[in-house]
Amino acid sequence: AESTTPLSQSQTFRFTLQSAAMGFRVPYMLYLPKGYESGKAYPVWYGLHGNSTSERMWLERAEIGTIADALIERGDIQPLIMVFPFTKYDSAKVIQEDMKDGKRGESQMERFLCNELIPWIDANYSTITSPDGRWIGGFSMGGFFALQTAFHHPSLFSRVGAYSPALVYTDFSHGQFATWLNDSDASAWLADPTGYATARGLTSLRVYIDCGTTNEPFAEGARSLAGALGMMGVTALYAQHNGGHSLQMDKLAEYLRFYAAADEAKEL
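Computed from a predicted model, the values in this text were never measured in an experiment.

Caption draft 1: Just helix α9 (residues 219-231), in detail. The first and last C-alpha atoms of α9 sit 19 Å apart over 13 residues, in line with the 18 Å expected at 1.5 Å per residue. Three or more residues of α9 are buried, namely Ala219, Gly221, Ala222, Ser224, Leu225, Ala226, Ala228 and Leu229. Looking at the buried positions of α9, the neighbouring elements they touch are α5 (141-152), α6 (176-180), α7 (186-191), β7 (206-212) and β8 (235-241). Downstream of α9 by one or two residues, Gly233 has phi in the positive range, about 80°.

Caption draft 2: The arrangement of the pairing of strand β2 (residues 24-32) in detail. β2 sits mainly inside the fold: seven of its nine residues count as buried. The sheet contact formed by strand β1 (residues 11-19) and β2 spans nine bridges and is antiparallel. Of the residues in β2, the one forming a bridge with Thr12 is Tyr31. The turn linking β1 back onto β2 is made up of four residues, and Gly23 within it adopts a positive phi angle of 85°. As defined by bridge partners, β2 adjoins strand β4 (residues 81-85) across four bridges and the pair is classed as antiparallel.

Caption draft 3: Looking closely at unusual backbone geometry. At His174, a position not held by glycine, the phi torsion is positive, near 50°. Examined against the element boundaries, His174 turns out to sit in the loop between β6 (159-163) and α6. With a relative accessible area of 62%, His174 lands in the exposed category. You will see that Asn215, though not glycine, has its phi angle at about 50°, which is positive. Assignment of secondary structure puts Asn215 in the loop between β7 and α9. You can call Asn215 exposed: its relative accessible area is 73%.

Caption draft 4: Summary view of the pattern of salt bridges. Counted by the stated rule, this structure contains eight salt bridges. Among the salt bridges present, the one from Lys40 reaches Glu37, with a minimum N-O distance of 3.5 Å. Taking relative accessible area as the criterion, Lys40 reaches 46% and is therefore assigned partly exposed. Note that Glu60 is salt-bridged to Arg56, the shortest N-O span being 2.9 Å. For Arg56, a relative accessible area of 33% gives the class partly exposed. Among the ionic contacts, a cluster of salt bridges with common partners joins Arg74, Asp76 and Arg257.

Calculation rules
Residues numbered from 1 in each chain as written. Predicted model: local features only at pLDDT ≥ 70, side-chain atom pairs only at ≥ 80, totals over all residues. Heavy atoms only, no water. Helix = DSSP H or I, 4+ residues; strand = E, 2+ residues; numbered from the N terminus. Expected span 1.5 Å × (residues − 1). Buried < 20%, exposed > 50% of the residue type's maximum accessible area, 1.4 Å probe, protein only. Contact = heavy atoms within 4.5 Å. Pairing = 2+ DSSP bridges. Salt bridge = Lys/Arg side-chain N within 4 Å of Asp/Glu carboxyl O.

Here it is in structure tokens:
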């Protein structure tokens, strides 16, 4: 899909990638911006879907490609590549059961994303391969996966967004953040939260978390996590929106600006 002449319009594709981690051919959607050409390097946003949807959610239901087109055209955001993988490797019940003890080791989805999909995209498209130009975010289950993946692999990403993240775990204070990351060293967090975050590379991340104010089962966890990140000196924006546990269509442009605002492009 390399293009030597700039694309006259943005394009979207659906591909599959054989995955050892997931054990099947994993479908993913890909968005290339208008003007894409192989001679330039583009930042990449990996967008993860909610539990009841698929890799088609962001481009088909949320129509985020159309929103990106308009923002790029206006010069609000820099041209970016967007990748939307199918990330469900188990039933919601199994994943929730696994999360109950509050300890999260690396999931099959995380191994697929970090060890297979990202290297494949970087090898086959004109991407910025430093973390400055690689971002991850998601809705509900995808928001939870995005946070977990970014916190486990801060050397891969510079920004992570979580929209109504499905945080079954509700308390991240008193060293529980370390426990949640499957890190036995909760005492280090308690002794010096900022030192803990710095030693693990987390302070290089910028985090965006939002959730609903009504009928939002994950509000408590989102609020607690944002507080713990603040204690660690991690730049975290926490926002609430009216409504419940649903993707906020009126905030999609804001989500994209968090990653790719044009006035921040000079920092890359």
